[in-house]
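The chain contents come next:
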Amino acid sequence: MAAYINPDLHSHSTFSDGVLTPEEVAARARANGVDLWALTDHDGLSGQERAVAAARAQSLDYLTGVEVSVTWADTTVHVVGLGVDPANTALIAGLDQTRSGRDTRARDMAAKLEQLTGLNGLYEAALQYAGNREAIARPHFARLLVDRGLCKNMQTAFSKYLRDGGPAFVPHRWATLADALSWITGAGGLAILAHPARYRFKHAQEGALIDEFKRLGGRGIEVTTGSHTAAEAVHYATVARENSLLASRGSDFHATGEGRADIGTLPALPADLPTVWDALASHIRHAP
Ligand code: AMP
Ligand code: MN
Ligand code: MN
Ligand code: MN
(Lines give C-alpha, C1' and ligand atoms only; values in the text may rest on other atoms or scores of the structure.)
(Ligands and ions follow the chains in the order given, each with its own letter.)
Protein backbone atom coordinates (compact mmCIF):
# COMPACT_ATOMS: atom_id res chain seq x y z
CA MET A 1 0.00 0.00 0.00
CA ALA A 2 1.37 3.38 -0.95
CA ALA A 3 2.14 5.50 2.10
CA TYR A 4 0.77 8.87 1.19
CA ILE A 5 2.29 11.87 2.89
CA ASN A 6 0.13 14.65 1.50
CA PRO A 7 -3.33 13.51 0.36
CA ASP A 8 -5.81 16.30 -0.42
CA LEU A 9 -9.26 14.79 -0.87
CA HIS A 10 -11.54 17.84 -1.03
CA SER A 11 -11.22 20.54 -3.71
CA HIS A 12 -13.28 22.47 -6.26
CA SER A 13 -12.91 23.63 -9.85
CA THR A 14 -14.81 25.72 -12.41
CA PHE A 15 -17.19 22.76 -12.72
CA SER A 16 -18.77 24.03 -9.48
CA ASP A 17 -17.80 27.02 -7.31
CA GLY A 18 -14.01 26.91 -7.70
CA VAL A 19 -12.08 29.44 -9.75
CA LEU A 20 -9.45 27.19 -11.36
CA THR A 21 -9.98 24.56 -14.06
CA PRO A 22 -9.34 20.91 -13.13
CA GLU A 23 -5.97 21.16 -14.94
CA GLU A 24 -5.03 24.25 -12.94
CA VAL A 25 -6.08 22.65 -9.63
CA ALA A 26 -4.03 19.53 -10.50
CA ALA A 27 -0.97 21.65 -11.31
CA ARG A 28 -1.32 23.57 -8.06
CA ALA A 29 -1.77 20.34 -6.09
CA ARG A 30 1.38 18.93 -7.69
CA ALA A 31 3.36 22.13 -7.03
CA ASN A 32 2.29 22.02 -3.37
CA GLY A 33 3.41 18.42 -2.94
CA VAL A 34 0.06 16.60 -3.00
CA ASP A 35 0.55 12.89 -3.70
CA LEU A 36 -3.10 11.77 -3.77
CA TRP A 37 -5.79 14.12 -5.02
CA ALA A 38 -9.59 14.16 -5.37
CA LEU A 39 -11.61 16.84 -7.13
CA THR A 40 -14.94 17.00 -5.27
CA ASP A 41 -17.13 19.48 -7.10
CA HIS A 42 -20.58 20.17 -5.66
CA ASP A 43 -23.47 18.02 -6.86
CA GLY A 44 -21.91 16.91 -10.14
CA LEU A 45 -19.38 14.67 -11.84
CA SER A 46 -18.86 16.57 -15.08
CA GLY A 47 -15.30 17.60 -14.15
CA GLN A 48 -14.14 14.08 -13.30
CA GLU A 49 -12.93 13.04 -16.75
CA ARG A 50 -10.71 16.11 -17.00
CA ALA A 51 -9.53 15.67 -13.41
CA VAL A 52 -8.53 12.05 -14.05
CA ALA A 53 -6.56 13.10 -17.15
CA ALA A 54 -5.02 16.09 -15.35
CA ALA A 55 -3.96 13.89 -12.44
CA ARG A 56 -2.19 11.53 -14.84
CA ALA A 57 -0.48 14.44 -16.57
CA GLN A 58 0.77 15.71 -13.21
CA SER A 59 1.77 12.23 -11.92
CA LEU A 60 -0.76 12.46 -9.11
CA ASP A 61 -2.60 9.44 -7.78
CA TYR A 62 -6.32 10.16 -7.96
CA LEU A 63 -9.66 9.28 -6.37
CA THR A 64 -12.89 10.28 -8.09
CA GLY A 65 -14.97 12.58 -5.94
CA VAL A 66 -18.12 14.58 -5.44
CA GLU A 67 -19.56 16.73 -2.63
CA VAL A 68 -23.30 16.24 -2.24
CA SER A 69 -25.52 18.96 -0.74
CA VAL A 70 -27.91 17.46 1.83
CA THR A 71 -30.65 18.91 4.00
CA TRP A 72 -30.71 17.33 7.45
CA ALA A 73 -32.69 18.80 10.37
CA ASP A 74 -33.34 21.93 8.28
CA THR A 75 -29.60 22.44 7.96
CA THR A 76 -27.39 22.11 4.90
CA VAL A 77 -24.86 19.34 5.47
CA HIS A 78 -22.24 18.26 2.93
CA VAL A 79 -21.29 14.65 2.25
CA VAL A 80 -18.19 13.87 0.21
CA GLY A 81 -18.23 10.69 -1.86
CA LEU A 82 -14.82 9.29 -2.83
CA GLY A 83 -14.02 6.42 -5.18
CA VAL A 84 -17.43 6.59 -6.85
CA ASP A 85 -17.93 5.22 -10.36
CA PRO A 86 -18.51 8.43 -12.37
CA ALA A 87 -20.63 6.48 -14.88
CA ASN A 88 -23.11 5.18 -12.28
CA THR A 89 -26.54 6.13 -13.58
CA ALA A 90 -28.34 6.37 -10.22
CA LEU A 91 -25.64 8.66 -8.86
CA ILE A 92 -25.72 10.83 -11.98
CA ALA A 93 -29.53 11.05 -11.87
CA GLY A 94 -29.50 11.89 -8.17
CA LEU A 95 -26.94 14.64 -8.67
CA ASP A 96 -28.87 16.02 -11.66
CA GLN A 97 -31.93 16.25 -9.44
CA THR A 98 -29.94 17.89 -6.63
CA ARG A 99 -28.53 20.52 -9.01
CA SER A 100 -31.85 21.24 -10.65
CA GLY A 101 -33.06 23.69 -8.00
CA ARG A 102 -29.99 25.90 -8.23
CA ASP A 103 -31.18 28.09 -11.10
CA THR A 104 -34.43 29.22 -9.45
CA ARG A 105 -32.63 29.66 -6.15
CA ALA A 106 -30.00 31.84 -7.85
CA ARG A 107 -32.70 34.03 -9.45
CA ASP A 108 -34.34 34.44 -6.02
CA MET A 109 -30.99 35.26 -4.43
CA ALA A 110 -30.30 37.85 -7.12
CA ALA A 111 -33.70 39.47 -6.50
CA LYS A 112 -32.98 39.71 -2.77
CA LEU A 113 -29.54 41.17 -3.39
CA GLU A 114 -30.97 43.70 -5.84
CA GLN A 115 -33.43 44.85 -3.20
CA LEU A 116 -30.68 45.12 -0.61
CA THR A 117 -28.09 46.85 -2.77
CA GLY A 118 -30.07 48.78 -5.39
CA LEU A 119 -28.08 47.07 -8.14
CA ASN A 120 -29.70 45.43 -11.19
CA GLY A 121 -29.03 42.42 -13.35
CA LEU A 122 -27.33 40.40 -10.64
CA TYR A 123 -28.52 37.00 -11.87
CA GLU A 124 -26.93 37.50 -15.29
CA ALA A 125 -23.88 39.08 -13.68
CA ALA A 126 -23.41 36.11 -11.30
CA LEU A 127 -23.70 33.68 -14.20
CA GLN A 128 -20.60 35.28 -15.70
CA TYR A 129 -18.72 33.94 -12.67
CA ALA A 130 -20.05 30.41 -13.05
CA GLY A 131 -17.94 28.15 -15.25
CA ASN A 132 -20.86 25.72 -15.12
CA ARG A 133 -24.20 27.50 -14.93
CA GLU A 134 -25.91 24.39 -13.56
CA ALA A 135 -23.69 24.72 -10.51
CA ILE A 136 -24.42 28.39 -9.76
CA ALA A 137 -23.73 28.87 -6.06
CA ARG A 138 -23.28 31.50 -3.39
CA PRO A 139 -19.53 31.96 -3.98
CA HIS A 140 -20.29 33.21 -7.50
CA PHE A 141 -22.46 35.94 -5.97
CA ALA A 142 -19.87 36.61 -3.28
CA ARG A 143 -17.11 37.17 -5.85
CA LEU A 144 -19.42 39.49 -7.79
CA LEU A 145 -20.16 41.56 -4.65
CA VAL A 146 -16.44 41.85 -3.95
CA ASP A 147 -15.63 42.91 -7.52
CA ARG A 148 -18.41 45.52 -7.45
CA GLY A 149 -16.85 46.95 -4.30
CA LEU A 150 -19.80 46.17 -2.03
CA CYS A 151 -17.84 43.79 0.19
CA LYS A 152 -14.15 43.80 0.93
CA ASN A 153 -13.78 40.00 0.67
CA MET A 154 -15.68 36.71 0.40
CA GLN A 155 -16.06 36.38 4.17
CA THR A 156 -17.75 39.77 4.37
CA ALA A 157 -20.06 38.91 1.46
CA PHE A 158 -21.15 35.84 3.42
CA SER A 159 -21.42 37.47 6.82
CA LYS A 160 -23.24 40.54 5.46
CA TYR A 161 -25.55 38.93 2.88
CA LEU A 162 -25.20 35.28 1.94
CA ARG A 163 -24.69 33.25 5.13
CA ASP A 164 -27.36 30.75 6.16
CA GLY A 165 -30.23 32.85 7.46
CA GLY A 166 -28.62 36.06 6.17
CA PRO A 167 -30.55 38.82 4.38
CA ALA A 168 -29.94 37.41 0.87
CA PHE A 169 -30.19 33.75 1.87
CA VAL A 170 -32.75 31.61 0.04
CA PRO A 171 -33.61 28.42 1.93
CA HIS A 172 -33.39 25.34 -0.20
CA ARG A 173 -34.21 21.61 0.07
CA TRP A 174 -31.22 19.59 -1.07
CA ALA A 175 -30.95 15.78 -1.18
CA THR A 176 -31.95 13.72 1.84
CA LEU A 177 -29.13 12.11 3.80
CA ALA A 178 -30.53 8.66 2.94
CA ASP A 179 -30.54 9.41 -0.79
CA ALA A 180 -27.06 10.92 -0.81
CA LEU A 181 -25.62 7.91 1.00
CA SER A 182 -27.40 5.41 -1.20
CA TRP A 183 -26.18 7.18 -4.36
CA ILE A 184 -22.57 7.25 -3.12
CA THR A 185 -22.40 3.73 -1.76
CA GLY A 186 -24.43 2.39 -4.70
CA ALA A 187 -21.75 3.84 -7.00
CA GLY A 188 -19.06 1.94 -5.09
CA GLY A 189 -17.87 4.98 -3.16
CA LEU A 190 -17.14 5.79 0.45
CA ALA A 191 -19.25 8.50 2.11
CA ILE A 192 -17.54 11.08 4.32
CA LEU A 193 -19.15 13.72 6.51
CA ALA A 194 -17.57 16.97 5.32
CA HIS A 195 -16.24 19.74 7.61
CA PRO A 196 -18.42 18.82 10.63
CA ALA A 197 -17.45 21.88 12.67
CA ARG A 198 -19.15 24.13 10.11
CA TYR A 199 -22.66 23.04 11.08
CA ARG A 200 -22.61 24.43 14.61
CA PHE A 201 -24.88 21.67 15.87
CA LYS A 202 -25.38 21.19 19.57
CA HIS A 203 -23.66 18.08 20.94
CA ALA A 204 -26.77 15.85 21.01
CA GLN A 205 -27.82 16.87 17.51
CA GLU A 206 -24.35 16.23 16.13
CA GLY A 207 -24.48 12.80 17.77
CA ALA A 208 -27.83 12.12 16.11
CA LEU A 209 -26.42 13.16 12.72
CA ILE A 210 -23.39 10.88 13.11
CA ASP A 211 -25.56 7.95 14.27
CA GLU A 212 -27.89 8.32 11.30
CA PHE A 213 -24.97 8.85 8.91
CA LYS A 214 -23.37 5.58 10.11
CA ARG A 215 -26.66 3.68 10.08
CA LEU A 216 -27.13 4.71 6.44
CA GLY A 217 -23.67 3.45 5.51
CA GLY A 218 -21.49 6.53 6.07
CA ARG A 219 -17.89 5.52 6.83
CA GLY A 220 -15.71 8.61 7.13
CA ILE A 221 -15.39 12.06 8.62
CA GLU A 222 -13.20 15.02 7.72
CA VAL A 223 -10.83 15.74 10.59
CA THR A 224 -8.30 18.08 8.99
CA THR A 225 -9.90 20.53 6.56
CA GLY A 226 -9.54 24.15 5.52
CA SER A 227 -12.78 24.76 7.43
CA HIS A 228 -11.45 23.55 10.79
CA THR A 229 -9.23 25.29 13.30
CA ALA A 230 -6.44 23.25 14.89
CA ALA A 231 -8.63 22.77 17.97
CA GLU A 232 -11.55 21.58 15.84
CA ALA A 233 -9.27 19.05 14.12
CA VAL A 234 -8.25 17.71 17.54
CA HIS A 235 -11.91 17.49 18.54
CA TYR A 236 -13.00 15.67 15.38
CA ALA A 237 -10.07 13.26 15.69
CA THR A 238 -11.68 12.22 18.98
CA VAL A 239 -15.09 12.03 17.33
CA ALA A 240 -13.59 9.78 14.61
CA ARG A 241 -12.07 7.46 17.24
CA GLU A 242 -15.22 7.30 19.36
CA ASN A 243 -17.40 6.52 16.35
CA SER A 244 -14.99 4.23 14.49
CA LEU A 245 -15.10 6.55 11.50
CA LEU A 246 -12.27 6.70 8.98
CA ALA A 247 -10.47 10.03 8.93
CA SER A 248 -10.18 12.24 5.87
CA ARG A 249 -8.07 15.26 5.03
CA GLY A 250 -8.84 17.89 2.41
CA SER A 251 -8.30 21.62 2.01
CA ASP A 252 -11.70 22.43 0.44
CA PHE A 253 -9.65 24.58 -1.93
CA HIS A 254 -11.75 26.89 -4.15
CA ALA A 255 -9.41 29.66 -5.29
CA THR A 256 -5.98 31.09 -4.66
CA GLY A 257 -6.01 33.60 -1.82
CA GLU A 258 -9.67 33.17 -0.88
CA GLY A 259 -9.04 32.53 2.78
CA ARG A 260 -9.40 28.81 3.27
CA ALA A 261 -6.33 26.58 3.17
CA ASP A 262 -4.41 26.30 -0.07
CA ILE A 263 -4.45 22.84 -1.62
CA GLY A 264 -1.82 20.53 -0.12
CA THR A 265 -0.92 22.72 2.84
CA LEU A 266 -2.87 21.16 5.72
CA PRO A 267 -1.22 19.56 8.74
CA ALA A 268 -1.10 15.76 8.82
CA LEU A 269 -3.81 13.66 10.43
CA PRO A 270 -3.01 12.20 13.86
CA ALA A 271 -1.01 9.06 13.03
CA ASP A 272 -3.25 6.62 14.92
CA LEU A 273 -6.37 7.33 12.85
CA PRO A 274 -7.39 4.81 10.16
CA THR A 275 -7.74 6.76 6.92
CA VAL A 276 -10.24 6.84 4.10
CA TRP A 277 -7.42 6.50 1.57
CA ASP A 278 -6.22 3.19 3.05
CA ALA A 279 -9.80 1.90 2.90
CA LEU A 280 -10.04 3.09 -0.72
CA ALA A 281 -6.69 1.65 -1.87
CA SER A 282 -8.30 -0.49 -4.57
CA HIS A 283 -10.15 2.57 -5.97
CA ILE A 284 -7.07 4.74 -6.44
CA ARG A 285 -6.11 5.50 -10.04
CA HIS A 286 -2.34 5.35 -9.99
CA ALA A 287 -0.31 7.77 -12.01
CA PRO A 288 1.84 6.08 -14.66
P1 AMP B 1 -24.27 26.98 -1.98
O2 AMP B 1 -23.99 25.57 -2.46
O3 AMP B 1 -24.74 27.87 -3.09
O4 AMP B 1 -25.14 27.03 -0.77
O5 AMP B 1 -22.86 27.59 -1.56
C6 AMP B 1 -22.13 26.95 -0.56
C7 AMP B 1 -20.64 27.26 -0.77
O8 AMP B 1 -20.37 28.56 -0.28
C9 AMP B 1 -19.73 26.35 0.01
O10 AMP B 1 -19.46 25.19 -0.73
C11 AMP B 1 -18.50 27.21 0.17
O12 AMP B 1 -17.75 27.14 -1.02
C13 AMP B 1 -19.06 28.60 0.27
N14 AMP B 1 -19.21 29.13 1.63
C15 AMP B 1 -20.14 28.81 2.54
N16 AMP B 1 -20.01 29.55 3.66
C17 AMP B 1 -18.97 30.39 3.43
C18 AMP B 1 -18.32 31.42 4.19
N19 AMP B 1 -18.75 31.75 5.41
N20 AMP B 1 -17.28 32.06 3.62
C21 AMP B 1 -16.86 31.74 2.39
N22 AMP B 1 -17.42 30.79 1.62
C23 AMP B 1 -18.46 30.12 2.14
MN1 MN C 1 -17.99 25.38 -2.32
MN1 MN D 1 -18.76 21.92 1.77
MN1 MN E 1 -16.26 21.77 -0.56
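Here, the structure is the one placed above.
Only a predicted model underlies this, so the values are computations on that prediction, with no experimental measurement involved.

## Some words on the nonpolar core
- Judged by nonpolar contacts, the single largest core of 50 residues is most densely connected at Val68 and Ile221.
- Those residues in contact with valine 68 that sit more than four places away from it in its chain are Asp43, Val77, His78, Val79, Leu95, Ala175, Ala180, Trp183 and Ile184.
- Counting residues in hydrophobic clusters, the runner-up holds 22 residues, among them Leu113, Ala125, Ala130 and Phe141.

## Structural notes on the environment of proline 274
- Note that proline 274 resides in the loop between strand 8 (246–250) and helix 11 (276–279).
- A residue is classified by how much of its surface remains accessible, and proline 274, at 49% relative accessible area, is partly exposed.
- Put simply, proline 274 and serine 244 are 30 residues apart on the chain and 8.8 Å apart in space, counted from C-alpha to C-alpha.

## Remarks on the site of ligand 1
- Near ligand 1, the surroundings consist of 13 residues, among which His42, Arg102, Arg105, Arg138 and His254 are the closest.
- Between ligand 1 and the protein, one listed contact pairs a nitrogen atom with a side-chain N or O atom of glutamine 155 at 3.3 Å.
- Protein contacts shield 86% of the accessible area of ligand 1, which totals 500 Å² for the unbound molecule.
- At a threshold of 2 Å from the grid points, most atoms of ligand 1 map onto the largest pocket.
- Every element with two or more residues in the shell around ligand 1 is listed here: helix 4 (102–117), helix 6 (138–147) and helix 7 (154–162).
- Considered class by class, the residues forming the shell around ligand 1 number 3 nonpolar, 4 polar and 6 charged.

## Some thoughts on the pairing of strand 6 (residues 190–193)
- Judged by which residues are buried, strand 6 turns out to be covered on both faces: Leu190 and Ile192 on one side and Ala191 and Leu193 on the other are all buried.
- Of the strand pairs in this sheet, strand 5 (residues 75–82) and strand 6 are connected by 4 bridges, and their pairing is antiparallel. The residue of strand 6 that forms the bridge with glycine 81 is alanine 191.
- As paired strands, strand 6 and strand 7 (residues 220–225) are joined by 2 bridges and run parallel to one another. In the sheet register, isoleucine 192 faces strand 7, and the bridge partner there is glycine 220.
- In the classification by handedness, the crossover that spans strand 6, the intervening helix 9 (residues 203–215) and the parallel strand 7 is right-handed.

## Points about the pattern of salt bridges
- Tallying each qualifying case throughout the model produces 12 salt bridges.
- For the salt bridge of arginine 102 with aspartate 43, the shortest nitrogen-to-oxygen distance reads 3.0 Å. Of this pair, arginine 102 sits in helix 4 while aspartate 43 sits in the loop between strand 2 (36–37) and helix 2 (48–57), and the two are 59 residues apart along the sequence. By the burial criterion, arginine 102 is buried, and aspartate 43 matches it.
- For aspartate 164, the salt bridge identified is with arginine 138, shortest N-O distance 3.0 Å. Here aspartate 164, found in the loop between helix 7 and helix 8 (177–186), pairs with arginine 138, found in helix 6; they are 26 residues apart in sequence, far enough to count as distant.
- It is possible to trace a salt-bridge network through shared partners that takes in Asp96, Arg99 and Glu134.

## A short note on the coordination of the manganese ion (ligand 2)
- Coordination sphere of the manganese ion (ligand 2), protein contribution only: Asp17 (OD), His42 (NE2) and His254 (NE2), at 2.1 to 2.2 Å.
- Of note, the manganese ion (ligand 2) draws all its donor residues from one chain, in the sequence arrangement D-x24-H-x211-H.

## A few points about the sheet that holds strand 1 (residues 7–8)
- A sheet is described by the order of its strands in space; here 3 strands give the open sequence 1-2-3, paired in parallel fashion. With partners counted over all chains shown, the strands left at the sheet margins are strand 1 and strand 3 (61–62), one partner each.
- Inspection of the sheet shows strand 2 paired to strand 3 by 2 bridges, in the parallel sense. Residue pairing in the sheet places leucine 36 in a bridge with aspartate 61 of strand 3.

## Notes on the side chain of glutamate 258
- Structurally, the position occupied by glutamate 258 is in the loop between strand 8 and helix 11.
- Separated by 2.6 Å, the side chains of glutamate 258 and arginine 143 make a polar contact.
- Not counting chain neighbours up to four residues away, the residues in contact with glutamate 258 comprise Val19, Arg143, Met154 and Gln155.

Criteria and thresholds
- Residues numbered from 1 in each chain as written.
- Chains lettered and ligands numbered in written order.
- Predicted model: local features only at pLDDT ≥ 70, side-chain atom pairs only at ≥ 80, totals over all residues.
- Heavy atoms only, no water.
- Core = buried A, V, L, I, M, F, W, Y, C linked by side-chain atoms within 4.5 Å.
- Buried < 20%, exposed > 50% of the residue type's maximum accessible area, 1.4 Å probe, protein only.
- Contact = heavy atoms within 4.5 Å.
- Helix = DSSP H or I, 4+ residues; strand = E, 2+ residues; numbered from the N terminus.
- Near = heavy atom within 4 Å.
- Polar contact = N/O pair within 3.5 Å; in protein donor to acceptor, adjacent residues only side chain to side chain.
- Areas by Shrake-Rupley, 256 points an atom, 1.4 Å probe, with all protein chains shown as cover.
- 1 Å grid on protein atoms, 1.4 Å probe; cavity = no way out; pocket = protein on both sides within 12 Å on 5 of 7 lines; lining within 4 Å.
- Sits in = over half its atoms within 2 Å of the grid points.
- Nonpolar A, V, L, I, M, F, W, Y, C, P; charged D, E, K, R; others polar.
- Pairing = 2+ DSSP bridges.
- Right-handed = clockwise from strand over helix to strand, strands pointing away.
- Salt bridge = Lys/Arg side-chain N within 4 Å of Asp/Glu carboxyl O.
- Donors = N, O, S within 2.8 Å, 3.2 Å for Na, K, Ca; no water.

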